[in-house]
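# Notes for the structure review
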Amino acid sequence: MERLQKYISECGVTSRRKAEDLILSGKVKVNGEVVKILGTKVNKSDIVEVNGKVIEGEKKEYYLLYKPREVISAISDNHKRKVVTDLIDTKARIYPIGRLDYDTTGIILLTNDGTLSNILSHPSHDITKEYIAKVKGFFKKEDATTLSNGIILNGIKTKKAKFKLDRYDKKTDSSYIKVIITEGRNHQVKDMLSSLGYKVLKLKREKYAFLTLDKLKSGEYRPLTIKEVKALYSLK
Ligand code: URA
């Protein structure tokens, strides 16, 4: 439960002081009734209208999480496995933007801002995602070219991408490949590499648009800054 004027200001409508004026002048309705008493308590399930317009029930929150292995990119799981929202301490109804596989690690964004989520998930917006994939064997140059130019995956050609050998480890006979894609199809990196016979042993997303993991450790997170949120909005 929250005081009405605080609730209105937290929804980004106006300052708390101005919200008080709006309430006193009869411009605010709660569940269809004009409320003129300052300090009236409301909760998320109440419908609050200001000047005849329903305002969103929750302050927008934005997080960048370093997802560990063995965590599901969802808000709940039927098999009671850990989900990404378990790792973030908030009461807001946040959810992940896009998905990383259960065994994929790295950067994932979470928010309760549906508008931003839609912008970033829309295929036409070409948000770049950067991965490092560890595969068995030596990653051949011609295979890097083939994958970068696009291959047919489930009947549809993949968009232009960048696949590049970063390092070959002779001892373990494995290659570390830098991958940059703009699409977000399910299991895309693994499926592209396995279509040419490479088994992905590890996959980590190191960059999402301009955001990196920075100094975060696996399982840690941080809120995005207002500047970062604005920059993400401008990607549309
Ligand atoms: N591609 C994959 O194959 N898996 C992921 O988790 C992300 C991209």
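Please refer to the structure higher up on the page.
Okay, so let's go over this structure.

Definitions and limits used
- Here the residue numbering is sequential within each chain, running from 1 through the sequence in written order.
- Under the rules for a predicted model, residues below a pLDDT of 70 receive no local features and side-chain atom pairs below 80 are neither given nor counted, while totals for whole chains, interfaces and linings still include all residues.
- Remark: hydrogens and water are excluded; side-chain values derive from all non-hydrogen atoms of the structure.
- Proximity is defined per residue: if any heavy atom of the residue lies within 4 Å of a molecule or strand, that residue is considered near it.
- In protein, a polar contact requires one atom able to donate a hydrogen and another able to accept it; more generally it is a pair of N or O atoms within 3.5 Å, and residues adjacent in sequence count only if both atoms are side-chain atoms.
- Using the Shrake-Rupley algorithm and a 1.4 Å probe, accessible areas are obtained, with residue cover drawn only from the displayed protein chains.
- Secondary structure is summarised from DSSP: a helix means a run of H or I of at least four residues, a strand means a run of E of at least two, and numbering begins at the N terminus for each.
- Marked domain ranges trace back to an automatic or database domain assignment.
- Two aromatic rings from Phe, Tyr or Trp, using only the six-membered ring of Trp, form a pair when their centres are within 6.5 Å; if the ring planes differ by under 30 degrees the pair is stacked, by over 60 it is edge-to-face, and anything between is tilted.

### Description of the site of the ligand
Every residue near the ligand is listed here: Leu 100, Asp 101, Thr 104, Tyr 131, His 187, Gln 188, Val 189, Lys 190 and Leu 203. Here an oxygen atom of the ligand sits 3.4 Å away from a polar atom, N or O, in the main chain of Gln 188. Within the backbone of Lys 190, an N or O atom sits 3.0 Å from an oxygen atom of the ligand. Contact with the protein chains removes 96% of the 240 Å² of surface that the ligand exposes when unbound. Per element, the largest residue contribution to the shell around the ligand is 3 residues, and it comes from helix α5 (residues 188-195). Inspection of the shell around the ligand shows a minimum of three residues originating in each of domain 2 (62-123 + 211-233) and domain 3 (128-208).

### Remarks on the packing of aromatic side chains
As enumerated under the stated definition, the model contains 3 aromatic pairs in all. With 5.7 Å between their ring centres and 80 degrees between their planes, Tyr 63 and Tyr 221 make a pair best called edge-to-face. Of the two residues, Tyr 63 is situated in strand β7 (residues 62-67) and Tyr 221 in strand β17 (residues 221-223); the sequence distance between them amounts to 158 residues. Between Phe 139 and Tyr 198, the aromatic rings sit 5.1 Å apart at their centres with planes inclined by 65 degrees, giving edge-to-face as the arrangement.

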